[in-house]
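In case you want the letters, here they are:
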Amino acid sequence: MMPHAVALAPRSSENVAVQPDEEVLLDIREFTLRRGNAVVLDGVNLTLRRGETLGLIGESGAGKSTLAMAIIGLLRPPEVEVAGALRFCGTELTSLREAEYRRLRGNKIGLIFQDATVALNPCYTVGEHIAEPLKRHLGLSKYDRRERAVELMQSVGIPEPRLRLEAYPHELSGGMQQRVMIAIALACNPQLLLADEPTSALDVTIQAQIMELILDRVRALNSSVVFVLHDLALGAQVCDRIAVMYAGQIVEEGPSEHVLARPLHPYTQGLKSCVVELGSKALEPIPGHIPSLDAMPAGCRFAPRCPKAQAVCGEHRPTLEKRDGRLVACWFID
Ligand SMILES: Nc1ncnc2c1ncn2[C@@H]1O[C@H](COP(=O)(O)OP(=O)(O)OP(=O)(O)O)[C@@H](O)[C@H]1O
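Residues numbered from 1 in each chain as written. Predicted model: local features only at pLDDT ≥ 70, side-chain atom pairs only at ≥ 80, totals over all residues.

1. Overview of the overall build of the chain
Each helix and strand counted, the chain has 12 helices and 12 strands in total. Computed over its C-alpha atoms, the radius of gyration of the chain comes to 20 Å, within 12% of the 20 Å expected for a compact globule of 334 residues. Reported as C-alpha extents along the three principal axes, the dimensions of the chain are approximately 65 × 50 × 40 Å. Sorting the 334 residues of the chain into buried and exposed places 43% on the buried side. Counting only contacts in the chain whose residues sit at least 6 apart along the sequence, the fraction spanning at least 24 positions is 65%. (Helix = DSSP H or I, 4+ residues; strand = E, 2+ residues; numbered from the N terminus. Rg over C-alpha atoms; globule rule 2.2 N^0.38 Å. Buried ≥ 20, exposed ≤ 12 C-beta atoms within 10 Å, placed from the backbone. Contact = placed C-beta atoms within 7 Å.)

Structure follows, in structure tokens:
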């Protein structure tokens, strides 16, 4: 998680242009994912437009990474059971064959993992890593792959890229390795980038630079990005929209500035009170824990921890309803 002392340049309103509906890139409808009897994602609805930046925010275990892995097809039947729709550029992802997914992954959809030291193969050089998607998806010649790899390394701020082509991952710092992963993820100019806690394994001093770099590159490509984050304040700072997840469900979703300035769902309000601000009142952690998958409450999943819960909350699940410029799932909104 990035400490709040780290300052990022404010988002430009030019980059938050509202797009017409035909510009929908990713459309998730009532998406449910089960592992055995456990419902890990429950009726998730989300829409992402071209050029938009969405932050998927929530505590550990909320299902954020599971959703990202399902979108990129690394979590699919028969390992899990899925229902509902995951549409990318009008194509239904849940019915794709693995070979079709392979053509999409790393090409139209890029992925940045949390920890480059785990994601990069220690046996391959930086140049080989970046060249792989260029060969597989774009069929570039050896010479062109090398030149494009140098260009990509330059674009993500890797100094002396020609020299570094021959380096192995362990010869680079953590920040440089993360830049390599960004270069790989963006190699084929993806329309969608999934960035799962892209800075959590890095030093505080490097985190803001890497977030800025990702934003800069996706804006240059007019790509859309889903950031998986724990941190509501960071999400609101870097994303156009925020979707707050709790126990496998979206509980609030809307424009970042509204969600952060005036959160409506009691869980989002709880997340906001966990935000550390220098000189502000003491931290107020949310009492209790996220429920385990084998003991999900029948009604609202947040009810056992919610200060506003009443009888109806324990019995009936609230659905997402439009309220004050966003969507909220709660029976008792102020
Ligand atoms: N391989 C697995 N096998 C069984 N359960 C899993 C597996 N991976 C995740 N889960 C469970 O699925 C639920 C969602 O986990 P997920 O990792 O998607 O949450 P998250 O919000 O991304 O958390 P974090 O922020 O810690 O990454 C959790 O209850 C988790 O324990």
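2. So, the sheet that holds strand S10 (residues 249-255)
Taken together, eight strands build an open sheet; the order of strands is S6-S7-S8-S3-S9-S10-S12-S11 and the sheet is mixed. Every interior strand has two partners, whereas the edge strands, strand S6 (109-112) and strand S11 (321-323), have only one. Strand-to-strand twist across the sheet, computed as the mean angle between neighbouring axes with direction ignored, equals 20 degrees. Relative to strand S7 (residues 192-196), S6 runs parallel, the two sharing four bridges. Looking at S7, one finds that Ile112 is bridged to Ala195. Those strands touched by helix H11 (residues 266-273) are strand S3 (53-57), strand S9 (241-246) and S10, and its axis lies near 105 degrees from that of S9. (Pairing = 2+ DSSP bridges. Axes fitted to C-alpha atoms, helices over the stretch in contact; angles between N-to-C directions.)

3. Let's talk about the sheet that holds strand S1 (residues 24-35)
Taken in spatial order, the four strands of this open sheet run S2-S1-S4-S5, and their pairing is antiparallel. Strands with a single pairing partner mark the edges of an open sheet, and in this sheet they are strand S2 (38-49) and strand S5 (91-92). The pairing of S1 with S2 spans eight bridges and is antiparallel. What sits directly across from Asp27, in S2, is Thr47. Against the sheet, helix H1 (residues 64-71) makes contact with S1, S2 and strand S4 (81-88), and its axis sits at roughly 65 degrees relative to S2, the strand it touches most.

4. Let's talk about the site of the ligand
Near the ligand the following residues occur: Arg35, Val40, Gly58, Ser60, Gly61, Ala62, Gly63, Lys64, Ser65, Thr66, His230 and Leu293. Top contributing element to the shell around the ligand by residue count: H1, with three residues. When its residues are assigned to classes, the shell around the ligand shows three nonpolar, seven polar and two charged. (Near = placed C-beta within 6 Å. Nonpolar A, V, L, I, M, F, W, Y, C, P; charged D, E, K, R; others polar.)

5. Focus on the UniProt feature "domain: ABC transporter" (unreviewed entry) in the chain
Here, the residues flagged by UniProt with the feature "domain: ABC transporter" (unreviewed entry) are residues 26-272. With 40% helix and 26% strand, residues 26-272 has end C-alpha atoms that lie 27 Å from one another. (UniProt positions renumbered as here; feature names shortened; annotations may be inferred.)

6. Concerning the packing of helix H4 (residues 126-136) against helix H7 (residues 174-186)
Taken N-terminus to C-terminus, the directions of H4 and H7 make an angle of 20 degrees; their axes are 8 Å apart at the nearest point. As the angle between them shows, H4 and H7 are arranged roughly parallel. The chirality of how H4 crosses H7 is right-handed. Residue-level contacts link Val126, His129, Ile130 and Pro133 of H4 to Val180, Ala183 and Ile184 of H7. The residue inventory of the contact of H4 with H7, partitioned by class, reads six nonpolar, one polar and no charged. (Parallel < 35°, antiparallel > 145°, perpendicular 65-115°, else oblique. Left-handed = near helix turned anticlockwise from the far one by under 90°.)

7. Observations regarding the environment of Ala116
Among the structural elements, Ala116 can be located in helix H3 (residues 116-119). Look at Ala116 and you get buried, because 23 C-beta atoms sit within 10 Å. Taking the C-alpha atoms as reference points, Ala116 and Met176, 60 residues apart in sequence, are found 9.2 Å from one another.

8. Structural notes on unusual backbone geometry
Following Pro77, the chain continues into Pro78 via a peptide bond in cis, with omega recorded as 10 degrees. Along the polypeptide, Pro78 turns up in the loop between H1 and S4. At Glu30, a residue that is not glycine, the phi angle is positive and equals roughly 45 degrees. Mapping Glu30 onto the fold places it in strand S1. One non-glycine residue with positive phi stands out, namely Asn222, at about 50 degrees. Mapping Asn222 onto the fold places it in the loop between helix H8 (204-221) and strand S8 (224-229).

9. Overview of the pairing of S1
Hairpin connection of S1 to S2: two residues between the antiparallel strands, including Gly36 at a positive phi of 60 degrees. Here S1 runs beside S4; their pairing, made up of seven bridges, is antiparallel. Bridged to Arg34 within S4 is Glu81.

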